[in-house]
Amino acid sequence: MRKWWLYGLTVFGVWGWVSSVTMAAPPRDEQEKQAIIGQPIRLAVQPEAVSLQGRHAAAQVLVTGHYSDGSVRDLTHLAAARVEPSDVVTVQDGLFLRPRRNGQATLVIQAGGQMARVPVTVQGMEQATPVSFRRDVIAALNVGGCNMGACHGTPSGKNGFRLSLRGDDPAFDYVQLTREQFGRRTGRHNPEQSLIFLKGVGRVPHEGGQRFSPSSLAAEMLLTWLAEGLRDDPADLPPLQQVTVLPGNRVQTTPARWQQLTVLAQFADGSRRDVTRLSNYSSSDPAIAEVNAQGLVEFKRGGEVAILVRYLDRLVPVRLTWLEPKQGFHWPNPPEHNYIDKHVFARLKQMHLLPSELCSDGDFVRRVYLDALGRLPTVAETQAFLQDQDPHKRDKLIDRLVDMPEFADFWALKWADVLRSSRKTIQLKGAHAMQAWLRSHLLRNTPWDEVVRELLTADGHTYAQPPANYYRIARDPQSLAETTAQLFFGIRLQCAKCHNHPFERWTQDDYYGFAAWFARVRLRPEPVLGRRSEGVPAAEVVYVERSGEVTQPRSGRVMKPRFLGAGEVDVPAHQDRRAVLASWLTAPDNPFFARSIANRVWFHLMGKGIVDPVDDFRDSNPPSNEELLQALAADFVAHKYDLKHLVRTIMKSRTYQLSAQPNEFNADDDKYFSKAITRLLTAEQLLDAICDLTGMPEKFAGLPLGTRAVQLPDGEVNHPFLKAFGQPARELACECERESEGNLSQALQLINGPTVNEKIRNPNNRLGKLLASQANDEAIMDELYLAAYSRLPTTEERTKIRDHLSKASDRRKGWEDVLWAIVNTREFLFRH
């Protein structure tokens, strides 16, 4: 049995978990309150004046303390408040106001020795203002989650009761609630006995449990609507125009870890109302901060989150940051290599995160070869770099690597993965052609906007015109819309196919309008010599017709082509719609393209996107550093979409060259790039690394000996080692298809798999040649360590190896143990 414990290192482990957290209310103890309130220099109240119109009106008041150091704290749930006179409004917990009678009053707020006075006006209490079905009842059902996809919003409904998803179709919901013979849950003669109310407040058994408190505003709206006779809204009801969330984006510092939100709705007739407790809330990262149904946010630890607020069909994100200064933190003003460091370090300073030191030359040379070329540096390359005394040697090495043919091999692999180039869809010949097309552009450093325009407008024979295979892989307008948005905008449109997107602004009209760009693309089989694979024609011809449309299934409307976020476009019948799309998509002022590509390149070099996942740009998943992403995108555009320039710029930054070794201030950071992210080598990188270390190349069927794994045309070589380590099947246009988590199958491949063991035991491998050359043990140690880790062994490692060799019955077997142990170390398996 191999002595895999030789270095006392674990091959794989568990890398964290998500724990549940419980929302805690702000303190009620007066001493605790005062400790948080401190000594503000003034109080600011939003809104500055409160107007409540009618019995069902409400107002959430916010109180912000301003302090001498320029910081702010939310004091809404900590301040003392009274009303003069006291019978005009009721002040509920957290400064939530409800009207009691017509009149005027003053809300007096006190905190930390400061006072603020807010005028309050109540009108219309005597008027019978009916509850609005669309504004109030639909909102109440949203708050209760009754119309979510997991409940009655599913297309088949639940237990005979169906609603439109998230209230997308209020007219349908009104019929379901009031007219549907078997599914209605309402009764106008005895409102409190209506099933929709009884189940919602938990008074009768309900599979979904209690959805809202009987005393909540949502319950009040629902019950009042029932009591008023199930009225529908008039046809001329002014539509919702805008939703505003107060206080907007905000940065707070400990001890103020709560933030109350206020939500205001404005309608087309100019009217405004507070809808704080008729809105839905979600946090982009519940491990950092949670938000409750009343719009109260509580931070669990320092960090930044986006709180997504939804009222009816409007989504508004608010970015909140809570800082926890650590004792002893001092910003060291590290040198900035370029604009990347300026933006990264500004965010780190704000978040009180100390960047790690620069990585060693050994770590750098290994990292940059893996990231640029997908392979380890040779012993000679490592030695030359380590011995070079030029202070600019890192920049010079980056320039040299990016211009090597192996760069094109490795980065063609990355794009072929997400373009789903595979023999399953485009035949092996098509996969070879697609790879060669990508590689040729990367070799020439073709501006990336030109590459994408060529891809999107391609037509003709798919073997003669490789980019035309794009239309063989995604074969219908809907699939093409989803793929194009995901690859080049970083937007996942799939949810909008069946309903308006739940976490974004994209609607079904957006989805089918974007699909209309591809409605006239056609394919026809092209007979060629060769076999058909699984019913797929050996080749096809892509062409464009002058007719062909996309219909929105819910409305039945024929959709015009639509730019995402920019409206519909009239394209003449004789013009290829795709050319219009491609020109807009790659235009310098396009809001998506440059940001998406810059973020994807950053992900490949840094191990995590600024927006992560890289193809999931949305308001509820904001960039970890907006200024950095915008600067990268602007630089990419300014340099005419030069991909190599972008790679060089990132690699030359101090941020890229930071060590993976944490310090006491950044040990928990996994978001702001204060240290290098350690990640498992990809399947192809790892197989090539084992081949390089042992000096035994892998032979792939149908390809010449010496072909590297990163040069494979597709993922269908059915290599067990590659599959175990997450080589993607190229079925999804998503980086997520490449698995990077450790598993048992990987451990078995490394410990006792034929790929590793046959290369270690082969007498003609690197080890065999070293032994045959009569190299001494120290020289063998040096070469193996330089080949595997790009460094020399430490004194402790030398001692352990000597000790093991002294006990081995056979020198060759002893060295095989050492080589096997090196392959199984974390330092070899991971990019640091």
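Residues numbered from 1 in each chain as written. Predicted model: local features only at pLDDT ≥ 70, side-chain atom pairs only at ≥ 80, totals over all residues. Heavy atoms only, no water.

1. Things to note about the nonpolar core
- In terms of nonpolar packing, the biggest core is built from 109 residues, with Trp448, Phe488, Phe489, Leu564 and Trp602 touching the most fellow members.
- What Phe488 contacts, discounting residues up to four positions off in sequence, is Trp415, Val452, Leu455, Leu456, Tyr470, Leu585, Phe592, Phe593, Ser596 and Ile597.
- Within the second largest apolar cluster, 50 residues are counted, among which are Val131, Leu177, Val201 and Ile288. (Core = buried A, V, L, I, M, F, W, Y, C linked by side-chain atoms within 4.5 Å. Buried < 20%, exposed > 50% of the residue type's maximum accessible area, 1.4 Å probe, protein only. Contact = heavy atoms within 4.5 Å.)

2. Focus: the sheet that holds strand S1 (residues 42-46)
- With antiparallel pairing, three strands are arranged side by side in an open sheet as S1-S4-S5. Each edge of the open sheet carries a strand with a single partner, namely S1 and strand S5 (72-74). Averaged over all neighbouring strand pairs, the angle between strand axes comes to 25°, with direction disregarded.
- Bridge count between S1 and strand S4 (residues 62-66): five bridges; the pairing is antiparallel. Bridging from a neighbouring strand, Val45 pairs with Val63 of S4. (Pairing = 2+ DSSP bridges. Helix = DSSP H or I, 4+ residues; strand = E, 2+ residues; numbered from the N terminus. Axes fitted to C-alpha atoms, helices over the stretch in contact; angles between N-to-C directions.)

3. What to know about the layout of surface pockets
- For the second largest pocket, the calculated volume is near 840 Å³.
- Along its surface, the second largest pocket is lined by 33 residues, and Gln53, Ala57, Arg135, Arg272 and Arg273 are the ones closest to its centre.
- The element contributing the most residues to the lining of the second largest pocket is strand S2 (residues 50-53), with four residues.
- Partitioned by chemical class, the residues of the lining of the second largest pocket number 15 nonpolar, eight polar and 10 charged. (1 Å grid on protein atoms, 1.4 Å probe; cavity = no way out; pocket = protein on both sides within 12 Å on 5 of 7 lines; lining within 4 Å. Points joined across faces, edges and corners; volume = space filled by probe spheres on them. Nonpolar A, V, L, I, M, F, W, Y, C, P; charged D, E, K, R; others polar.)

4. Topic: the sheet that holds strand S23 (residues 540-544)
- Read across the sheet, three strands follow the order S21-S23-S22 without closing on themselves; strand pairing throughout is antiparallel. With partners counted over all chains shown, the strands left at the sheet margins are strand S21 (460-461) and strand S22 (521-525), one partner each.
- Strand direction decides the pairing type here: S22 and S23, joined by five bridges, are antiparallel. Residue Arg524 lies in a different strand from S23, and its bridge partner there is Val541.

5. Things to note about the pairing of strand S8 (residues 96-99)
- Residues Phe96 and Arg98 point to one face of S8 and Leu97 and Pro99 to the other, with burial holding for every one of them.
- Bridging between strand S3 (residues 59-60) and S8 involves two bridges; their strand directions are antiparallel. Residue pairing in the sheet places Gln60 in a bridge with Phe96 of S8.
- Where strand S7 (residues 89-92) and S8 come together, four bridges link them in antiparallel fashion. Counterpart to Thr90 in the pairing with S8 is Arg98.
- Between S7 and S8, which pair antiparallel in sequence order, lie three residues; one of them, Gly94, sits at a positive phi of approximately 85°.

6. Remarks on the state of the cysteines
- In the structure shown here, the tally under the stated rule is one disulfide.
- Paired by a disulfide, Cys734 and Cys736 hold their sulfur atoms 2.2 Å apart. Judged by the sign of its S-S torsion, about 135°, the cystine formed by Cys734 and Cys736 is right-handed.
- We note that Cys498 lacks a disulfide partner, and the nearest cysteine sulfur, in Cys495, lies 8.6 Å from it. (Disulfide = S-S within 2.5 Å.)

7. Some thoughts on unusual backbone geometry
- Between Glu84 and the following residue, Pro85, the backbone shows a cis peptide bond with an omega angle of -10°.
- By secondary structure assignment, the location of Pro85 is in the loop between strand S6 (80-84) and S7.
- For the bond running from Asp612 to Pro613, omega is 0°, close enough to zero to count as cis.
- As for its position among the elements, Pro613 is in the loop between helix H17 (593-606) and helix H18 (626-638).
- Within the chain, Tyr641 stands out as a residue other than glycine whose phi angle is a positive 60°.
- Counting through the fold element by element, Tyr641 comes out in the loop between H18 and helix H19 (643-652).

8. Description of the pattern of salt bridges
- The final tally for this structure, using the stated rule, is 62 salt bridges.
- One salt bridge connects Arg520 with Glu549, and the closest N-O pair in it is separated by 2.7 Å. Taken together, the residues span a long stretch of sequence, with Arg520 in the loop between helix H15 (508-515) and S22 and Glu549 in the loop between S23 and strand S24 (550-551) at a distance of 29 residues.
- The shortest N-O distance in the salt bridge between Asp803 and Lys807 comes to 3.2 Å. Taken together, the residues span about one helical turn, with Asp803 and Lys807 both in helix H26 (residues 795-807) at a distance of four residues.
- A network of salt bridges, in which partner residues are shared, links Asp399, Asp403, Lys644, Arg648 and Lys652. (Salt bridge = Lys/Arg side-chain N within 4 Å of Asp/Glu carboxyl O.)

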